[in-house]
Amino acid sequence: MREIVLDTETTGLDPASGHRIVEIGCVELINCIPTGKVWHCHLNPERDMPQQAYEVHGLSVEFLSTKPRFQERADDLIGFIEGAMLVMHNAAFDFAFLNAELERLARPLIRWDRVVDTLALARRRHPGSPCSLDALCKRYGVDLSEREKHSALLDCRLLASVYVELVGGHQARLEFAANGASAALLTTIASGARARPIALAPRLTPEERLAHEAFVASLGDDALWRPVLFALAG
C-alpha cells in the first residue's frame with residue numbers, strides 16, 4: 001500500500017482568514033516502509049509573515065520572496081500524491097490549507113476519505129496521554145535532536161517513524177518475515193521429502209530388545225505395551 005506522509009508550514013492558523021502555505025513536505029511509504037522518495041518545496045505566500053508564525057518555523061518573507069508560488073508547483077505536488085493515502089498529524093489543519101490552495105486554482109479538492117489522521121490514531125491508542133508529535137517521538141524513542149524549529153520535511157520524517165509504531169508496522173513486518181521464513185522452510189521440507197529405497201538398520205541391540213521384552217512381560221497380560229510389542233515382533 002502506498003502512503004504519503006505530508007506536512008505543511010503556514011503563515012497562520014486559518015486559511016479562511018487569508019493565511020497561506022509556505023512549505024510542504026512529503027515522504028513516500030510502501031507498506032509503512034519509507035522508500036527514500038520525498039517531495040519538498042518552499043512557497044511564496046504573496047503576503048506578510050506574522051511574527052508568531054515566524055517563531056514557529058523561522059521562514060521569513062525575505063527568504064520566501066524568491067520561492068515559487070503554489071500555482072507553479074501544484075501539478076508536481078498532485079502528481080506525487082496521486083493515488084496514495086495521505087498521512088498527516090492533526091490532519092484537519094493541513095487538509096484545510098491544501099484544499100484552500102487547490103480551490104484558488106479551481107483544481108479538484110482532496111477527499112477526506114484519503115486521509116489518515118495520526119493525531120486521532122494516537123488519541124485512541126493512548127487515551128489521556130499527550131499526543132503532540134514531540135510527545136509521540138519521545139514515547140517511541142524517535143530522535144528529536146534536529147527539531148529546533150518546525151520544518152515540513154523533517155516533521156514528515158519524524159511522523160513516518162511515529163506512524164509505523166502507531167499502526168504496529170514493525171511487529172507486522174517481523175511477523176511477515178517470520179511467516180515467510182516458516183513457509184519457505186515447510187515448502188523445502190515438503191518438496192524434498194521422499195521414501196527411502198532401503199530402510200535404515202535398527203539401532204536397538206539384541207540385548208536391549210530382550211531386556212525390554214522381559215520388562216513388558218513382568219507387567220502382566222493386561223499391559224498396554226504387549227500388543228505393541230507383538231506388532232513390532234511380527
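Further up the page is the structure itself.
Reading guide: rules and limits
- Residues numbered from 1 in each chain as written.
- Predicted model: local features only at pLDDT ≥ 70, side-chain atom pairs only at ≥ 80, totals over all residues.
- Heavy atoms only, no water.
- Core = buried A, V, L, I, M, F, W, Y, C linked by side-chain atoms within 4.5 Å.
- Buried < 20%, exposed > 50% of the residue type's maximum accessible area, 1.4 Å probe, protein only.
- Helix = DSSP H or I, 4+ residues; strand = E, 2+ residues; numbered from the N terminus.
- Expected span 1.5 Å × (residues − 1).
- Contact = heavy atoms within 4.5 Å.
- Axes fitted to C-alpha atoms, helices over the stretch in contact; angles between N-to-C directions.
- Parallel < 35°, antiparallel > 145°, perpendicular 65-115°, else oblique.
- Left-handed = near helix turned anticlockwise from the far one by under 90°.
- Polar contact = N/O pair within 3.5 Å; in protein donor to acceptor, adjacent residues only side chain to side chain.
- Pairing = 2+ DSSP bridges.

Chemist: So what exactly am I meant to see when it comes to the nonpolar core here?
Modeler: In a soluble, globular protein the nonpolar side chains are often hidden away together inside. If you look at the biggest cluster of nonpolar residues, it comprises 24 residues, and the most contacted ones within it are Val5 and Val162. At the level of secondary structure, the elements contributing two or more residues to this core comprise strand 2 (21–30), helix 5 (118–125), helix 6 (133–140) and helix 7 (152–166). Top element by residues in this core is helix 7. It accounts for 10 residues. Residues Ile21, Ile24, Leu98 and Val115 belong to the second largest nonpolar core, which totals 23 residues.

Chemist: Before we go on, may I ask you to explain helix 4 (residues 91–104) in this structure?
Modeler: In a regular helix each residue adds 1.5 Å, so 14 residues correspond to 20 Å; helix 4 covers 20 Å between its end C-alpha atoms and thus fits that length. Where helix 4 is concerned, the buried positions are Ala91, Asp94, Phe95, Phe97, Leu98, Asn99, Ala100, Glu101 and Leu102. Contacts from the buried residues of helix 4 go to strand 1 (2–10), strand 2, helix 3 (70–81), strand 4 (85–88) and strand 5 (115–117). A positive phi of about 55 degrees marks Ala106, the residue just after helix 4.

Chemist: What should I look at first to understand unusual backbone geometry in this one?
Modeler: At Glu46, a residue that is not glycine, the phi angle is positive and equals roughly 60 degrees. Residue position: Glu46 is located in the loop between strand 3 (33–42) and helix 1 (51–57). Assessed through its relative accessible area of 46%, Glu46 is described here as partly exposed. In this model, Asn90 sits at a positive phi of 55 degrees, which is unusual for a non-glycine residue. The topology assignment puts Asn90 in the loop between strand 4 and helix 4. What makes Asn90 partly exposed here is its relative accessible area of 38%.

Chemist: Teacher, can you tell me more about the packing of helix 6 against helix 7 here?
Modeler: Geometrically, a packed helix pair is captured by the angle between its two axes and the distance between the axes. Direction vectors running N to C along helix 6 and helix 7 enclose 55 degrees, while the axes themselves pass 10 Å from each other. For the element pair helix 6 / helix 7, the angle class is oblique. Pair helix 6 / helix 7 crosses with left-handed handedness. For the pair helix 6 and helix 7, the contacting residues are Leu133, Leu136, Cys137 and Tyr140 in the first and Asp155, Leu158, Leu159, Val162, Glu165 and Leu166 in the second.

Chemist: How should I be thinking about the side chain of Thr11 in this particular structure?
Modeler: Along the polypeptide, Thr11 turns up in the loop between strand 1 and strand 2. Exposure remark for Thr11: the relative accessible area of 1% places this residue in the buried category. A distance of 2.9 Å separates a polar atom in the side chain of Thr11 from a polar atom in the side chain of His19. In this structure, Thr11 is in contact with His19, Arg20, Val22, Pro45, Arg47, Asp48, Met49, Pro50 and Ala53, ignoring residues within four places of it in sequence.

Chemist: Explanation requested: the pairing of strand 2 in the structure shown.
Modeler: As a general feature of sheets, a regular strand has side chains that alternate between the two faces. With respect to burial, strand 2 is a largely interior element, 9 of its 10 residues being buried. As paired elements, strand 1 and strand 2 share 9 bridges and run antiparallel to each other. The residue of strand 2 that forms the bridge with Arg2 is Ile30. The pairing of strand 2 with strand 3 spans 7 bridges and is classified as antiparallel. Looking at strand 3, one finds that Gly25 is bridged to His40. Where strand 2 hands over to strand 3, the hairpin turn is made up of 2 residues, of which Asn31 adopts a positive phi near 50 degrees.

Chemist: Just to check I follow, could you spell out the environment of Ala91 for this structure?
Modeler: For Ala91, the location among the structural elements is in helix 4. On the basis of relative accessible area, Ala91 is assigned to the buried category, the value being 0%. The sequence separation of Ala91 and Ala120 amounts to 29 residues, and the corresponding C-alpha distance is 8.8 Å. Look past the residues within four positions of Ala91 in its chain and what remains in contact with it is Trp112, Val115 and Asp117.

Coordinates in, geometry out; function isn't part of it.
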